[in-house]
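Results of the structural survey
Chain residues, written in single-letter form:
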Amino acid sequence: MSMEIAIPQPVERENYLNKEYGVWSWLLTTDHKRIALLYLISITFFFFIGGFFALLIRLELLTPAGDLVQADTYNKLFTMHGMVMVFFFLIPSIPAVLGNFLVPLMIGARDLAFPRINLLSWYLYIIGGVMMLHCMLTGGVDTGWTFYAPFSTNYTNTKIVEAGLAIFVAGFSSILTGLNFVVTIHRMRAPGMTWSRLPLFIWAHYATSLIQLLGTPVIAVTIVLVAAERALHLGIFDPRLGGDPLLFQHLFWFYSHPAVYIMILPSMGVVTEIIPCFSRKRVFGYSFIAFSSVAIAVFGFLVWAHHMFVAGMSVYAALVFSLLSYAVAVPSAIKVFNWTATLYKGSIHYDAPMLYAFGFLGLFTIGGLTGLFLSALGINVHVTDTYFVVAHFHYIMVGGAVMGYLGGMHFWWPKISGRLYPEGWARLAALIVFIGFNLTFFPQFLLGYMGMPRRYYDYSHMPEFQVLNVLSTAGATVLGVGYLLPMVYFLWSMRYGKPAPDNPWHAAGLEWMTSSPPTTFNFEKEPVVTWEAYNYEELDAPHPKEVPVAR
Amino acid sequence: MLNNFPLWPQQASTMAAHVDALYIFLLIVCGMMTLLVFSFLIYFAARYRYRRGVPAEQIEGSTPLEITWSVIPFLIFMVIFGWGAVVYFQERTPPTDATEVYVVAKQWMWKVEHAEGQREINELHVPVGRDVKLIMTSQDVIHSFYIPAFRIKQDVLPGRYTVEWFRATKPGVYHLFCAEYCGTQHSGMVGDIVVQEPAQYEAWINGGPSGPLSATGEKIFAELGCSTCHRTDTQGRGPNLQNVFGKPVQLEDGRTVTADENYLRECILDPGAKRVKGFQPIMPTFQGLVTEEQVNALVAYIKSISASKPAESVKTTASTISPATEKVQAHGSQVQ
């Protein structure tokens, strides 16, 4: 596309970045765009911490013997990897960065409904994050991010309460972000921006926010119960006192399964913006994609016990949860088919965001279809708690959610930073991430069906698993390079990148109708929407001002 | 054939073939779905790539198409669901005449007790071609008894029995893993399942020093003074335990439960919870006074003095509880 044409701007216009300078103008800002950047910096920090743990895990598994780190260290590594990645990277990633930046812009609002609560949510996240860092530096936790009782409540000596408190605090950040989005989307849409004209990114965030609002309090309660059980031995989960360890699993997964949809729905929203733009088409089946987001959010609350098919649950309960798990697969399938159909008779460009969207489609499809294996009761018994599960959820949460996140970062980077990133490097990075990801996680499906259990730091009892583990570790290093590259060239582009035009992709949507980067209050005057979402036909119609430029 | 494929786990139980058949079916179905989606993606991506002067054709969507690609996958999903459920029921329903083996898990080892009295640690000897039912509990945290070559796995919980069963089909030594993360040496909680020809197995099982498990249980029963109240006539202050296993029991609060392993266990460790109708709450709790192995021996003894095992008892599905106990739990406060 015509990214190369940079409109020369002799005098830099005032925007949200250059309006004020100084630390306090950032730390006390109520501008959703600045808060989005605060989040961007913080989650990137935690992403690389979590990634560092992942690298150590993969290095340990290079050889069957437990030789790089000790057993307890390894157990803390995978625990902290999970906790950091889930609670401090994935859950806030797209909503708190891209969502924060884009929700008001996309619906034509000046800011979120509660700008100060928005800032509060970032501070809560930081307080939670600092607590988590303190917890990690002073000993860490070794229960796995799942905190299963009675191990977490009665047996481990690690810092359960502190880690739990960190997640408890960060959880409120998530709740407040969700609350802010729900109110904003209901109350602050520009005139003419009806529900059926909303970008599907907004629908996805609306569904996500519902889960954040309704699900997160349950994990908060669960954490309080674990802390209370540890401190006071109430007998909630301890069978010796009449408690039930399965109760913990029900409570934990009641939040933690929907939490997966907090991670993947926004990513689906990003992809739904990218694909129409680079196909120059309106999206196929708008209302089906919109309602499938809501359906996923609703059904997502009804499938939690599919994590517990061998936990000692009644067979009849297992049947119901297996059936409902297939029900939640249908709206996901609908989305994949609609994205594919959107390409039909399009005019497809292969810029980096689109490459990430293709990567998302491929990896999410594999992740989703392997979910069918896990929902099949008979197979679940064999593969649950093995590397099959590890591979499956990484395909969804890393292959899906992170690919979408990176795609979105590239797509909206010109709007966020006012600069263009280097396209060639970006395409290369997309390719490296895709190859590295598959090399890391595909062998783990095979390992899982072979029977290698999760959370083993030493597999010298079964050296036959080594070849696949070596492949996986090799892939992880490639993947690491793929993740470092965008950080480097994004930073580079902030200083050396070409200034971005207001709408470098000729994309539809209100966020592209304001300057890049936008001014503090987003629009010079309140926009009035008279068109449907994804009106690429009108955008591409021959126009005296916008002559198509050949490359 | 599959056993020679180095990326495929060994098939050594009757269940393994069933699970593999479903897995292969899923590989084919999902492989076809992947191929379908990817072919369309690649074809569209190539066919409709940007060409100057060729604008995109705007398409609103198509409700018939949406219905088609919702309903057809759903029907396929239901086939997978049904097949998966059938396999699961087989996995969770131990045959009535299975050989029973007691397993006690602790951080970080598996302790195994055979009915004949043989004890093992991190090893389990079983004969080829015989149904074996594992009655398992944990002394501390949750563990999971996983034999990949048999395609079976069941979490082992503290405070109750869970059950799994298998029939080995091929002599050999197979991996036993703990599949539920249980602390520092989780990855050291591995062992061997030794499947032997029946003759070899008979020699092994009868080579042990101790008597049958139920005899140990009888001794403990006398030592702990259980027999003073649980007499073999109707005069005892506690219920007569002869022929009680597997039978329905009327409780003081009006409910009826089946006297399965979990019920017997609960009565020993928490006698007040489900008191038999017509008896006073005088039995002390044995929580903390008996080890898991002693509870197992007591349960084995009580089972041994029940002449015949009625059909209901074995419905103790491989999950924790029989339908009867489940009914109680639905009434009670315990959350399942």
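Computed from a predicted structure; not experimentally measured.

Let's shift gears to the overall build of chain B. Secondary structure summary: chain B contains nine helices and 12 strands in total. When the 336 residues of chain B are sorted by exposure, 40% land in the buried category. In chain B, the proportion of contacts linking residues at least 24 apart, taken out of those at least 6 apart, comes to 69%.

Across its full length, chain A holds 16 helices and zero strands. The globule rule puts the C-alpha radius of gyration for 551 residues at 24 Å, and the 23 Å found for chain A is close to it. Based on the C-alpha atoms only, the size of chain A along its principal axes is roughly 75 × 45 × 45 Å. Taking all 551 residues of chain A together, the buried fraction comes to 64%.

What follows covers helix α1 (residues 14–47) of chain B. The end-to-end C-alpha distance of α1(B), which contains 34 residues, comes to 49 Å, matching closely the 50 Å that a straight helix rising 1.5 Å per residue would cover. Restricting attention to buried positions, one finds in α1(B) the residues Met15(B), Ala16(B), Val19(B), Leu22(B), Tyr23(B), Cys30(B) and Val37(B).

Moving on, we come to the sheet that holds strand β4 (residues 123–127) of chain B. All names here are of chain B. Taken together, five strands build an open sheet; the order of strands is β4-β10-β9-β6-β7 and the sheet is mixed. Only two strands of the sheet have a single partner each, and these edge strands are β4 and β7 (152–156). Taken over all neighbouring pairs, the strand axes of this sheet differ in orientation by 20° on average, direction set aside. Alignment of strand β6 (residues 143–147) against β7, held across five bridges, turns out to be antiparallel. Among the inter-strand pairings, Ile-147 is bridged to a residue of β7, identified as Ile-152. On the sheet, helix α3 (residues 198–205) packs against β4 and β10 (191–196) and is oriented at approximately 130° with respect to β4.

The next thing to look at is the pairing of strand β1 (residues 99–106) of chain B. Residue and element names in this part refer to chain B. Here β1 lies mainly inside the structure; six of its eight residues are buried. Sheet topology note: the β1/strand β5 (residues 131–138) ladder contains seven bridges and is parallel. When the sheet's bridge partners are listed, Tyr-102 is paired in β5 with Ile-135. Summarising the sheet, β1 and strand β2 (residues 109–114) pair through six bridges and their orientation is antiparallel. Across the sheet, the residue bridging to Lys-106 is Met-109, located in β2. Hairpin connection of β1 to β2: two residues between the antiparallel strands.

Residue and element names in this part refer to chain B. Looking at chain B, the domain boundaries give domain 1 (2–38 + 62–92), domain 2 (99–205) and domain 3 (213–331). Contacts between the two partners involve 16 residues from domain 2, matched on the other side by 12 residues from domain 3. Where the side of domain 2 that touches domain 3 is concerned, the elements lending two or more residues are β1, β2, β5 and β8 (162–167). Among the elements that take part in the side of domain 2 that touches domain 3, β8 stands out by supplying four residues, more than any other. In terms of residue class, the side of domain 2 that touches domain 3 is built from seven nonpolar, five polar and four charged.

A separate point is the nonpolar core. The nonpolar side chains of soluble globular proteins are, as a tendency, buried together. In terms of nonpolar packing, the biggest core is built from 273 residues, with Val84(A) and Val103(B) touching the most fellow members. Per-element tally for this core: the top contributor is helix α3 (residues 71–107) of chain A, with 22 residues. With residues up to four places along the chain from it excluded, the contact list for Val84(A) reads Phe46(A), Ile49(A), Gly50(A), Phe53(A), Phe89(A) and Met132(A).

Contact with chain A, which involves 82 residues of that partner, is made by 81 residues of chain B. No other element matches the 15 residues that helix α10 (residues 315–343) of chain A contributes to the side of chain A that touches chain B. For the side of chain A that touches chain B, the class distribution of residues is 49 nonpolar, 21 polar and 12 charged.

Residue and element names in this part refer to chain B. Along the chain, the position of Ile-302 falls in helix α7 (residues 292–304). In sequence terms Ile-302 and Leu-241 are 61 residues apart; their C-alpha atoms lie 6.7 Å from each other. Not counting the four nearest positions on each side in its chain, Ile-302 is found in contact with Leu-241, Val-244, Phe-245 and Leu-264.

Moving on, we get to the pairing of β7(B). Residues and elements named next belong to chain B. Within β7, five of the five residues are buried, leaving the element largely enclosed by the surrounding structure. By the alternation rule, side chains of β7 split into Ile-152, Gln-154 and Val-156 and Lys-153 and Asp-155, which are all buried. Hairpin remark: β6 followed by β7, antiparallel, with four residues in the connecting loop; positive phi at Arg-151, about 60°.

Moving on, we get to the sheet that holds β1(B). Residue and element names in this part refer to chain B. In space, the five strands of this open sheet follow the order β3-β2-β1-β5-β8, with mixed pairing throughout. Lying at the two open borders of the sheet, with one neighbouring strand each, are β3 (119–121) and β8. Averaged over all pairs of adjacent strands, the angle between strand axes in this sheet comes to 25°, irrespective of strand direction. Here β2 pairs with β3 via three bridges, running antiparallel. What sits directly across from Glu-113, in β3, is Arg-119.

What follows deals with the confidence of the model for chain B. All names here are of chain B. For chain B, the mean per-residue pLDDT works out to 86, and 88% of the residues sit at or above 70. Within chain B, β6 carries the highest mean pLDDT (97), whereas helix α9 (residues 323–331) carries the lowest (41). Overall, residues 1–5 carries pLDDT values under 50, and its contacts beyond four positions in sequence, including any with other chains, amount to five contacts. Scored below 50 in pLDDT, residues 309–336 shows 74 contacts in the model against residues more than four places distant or in partner chains. What the predictor reports for the complex is a pTM of 0.89 with an ipTM of 0.90.

Procedures and definitions
All residue numbers here refer to positions counted from 1 along the written sequence of the relevant chain. Chains carry letters and ligands carry numbers; both start at the beginning, A for chains and 1 for ligands, and go up in the order they are written. For this predicted model, a pLDDT threshold of at least 70 governs which residues receive local features, and a threshold of 80 or more governs which side-chain atom pairs are given and counted, while totals over whole chains, interfaces and linings are taken from all residues. Runs of H or I in DSSP of at least four residues are treated as helices and runs of E of at least two as strands, each being numbered from the N terminus. Between the buried cut of 20 or more and the exposed cut of 12 or fewer other C-beta atoms within 10 Å of a residue's own C-beta lies the partly exposed class, and all C-beta atoms are placed from the backbone. Throughout, a residue-residue contact means that the two C-beta atoms, derived from backbone geometry, are no farther apart than 7 Å. The globule rule used for comparison is 2.2 Å times the number of residues to the exponent 0.38, while the radius of gyration itself is calculated over C-alpha atoms. In a helix, the anticipated span is given by 1.5 Å times the number of residues less one. At least two DSSP bridges between two strands are required for those strands to pair. Helix axes are fitted to C-alpha atoms over the stretch in contact, other axes to C-alpha atoms as well, and angles between N-to-C directions run from 0 to 180 degrees. Each domain's limits were defined by an automated method or a database of domain assignments. Lys, Arg, Asp and Glu make up the charged group, whereas Ala, Val, Leu, Ile, Met, Phe, Trp, Tyr, Cys and Pro make up the nonpolar group; the residues left over, Gly among them, are polar. A set of buried Ala, Val, Leu, Ile, Met, Phe, Trp, Tyr and Cys residues, joined through C-beta atoms within 7 Å, is what we mean by a nonpolar core. Each residue carries a pLDDT score, the predictor's confidence in it, ranging from 0 to 100.

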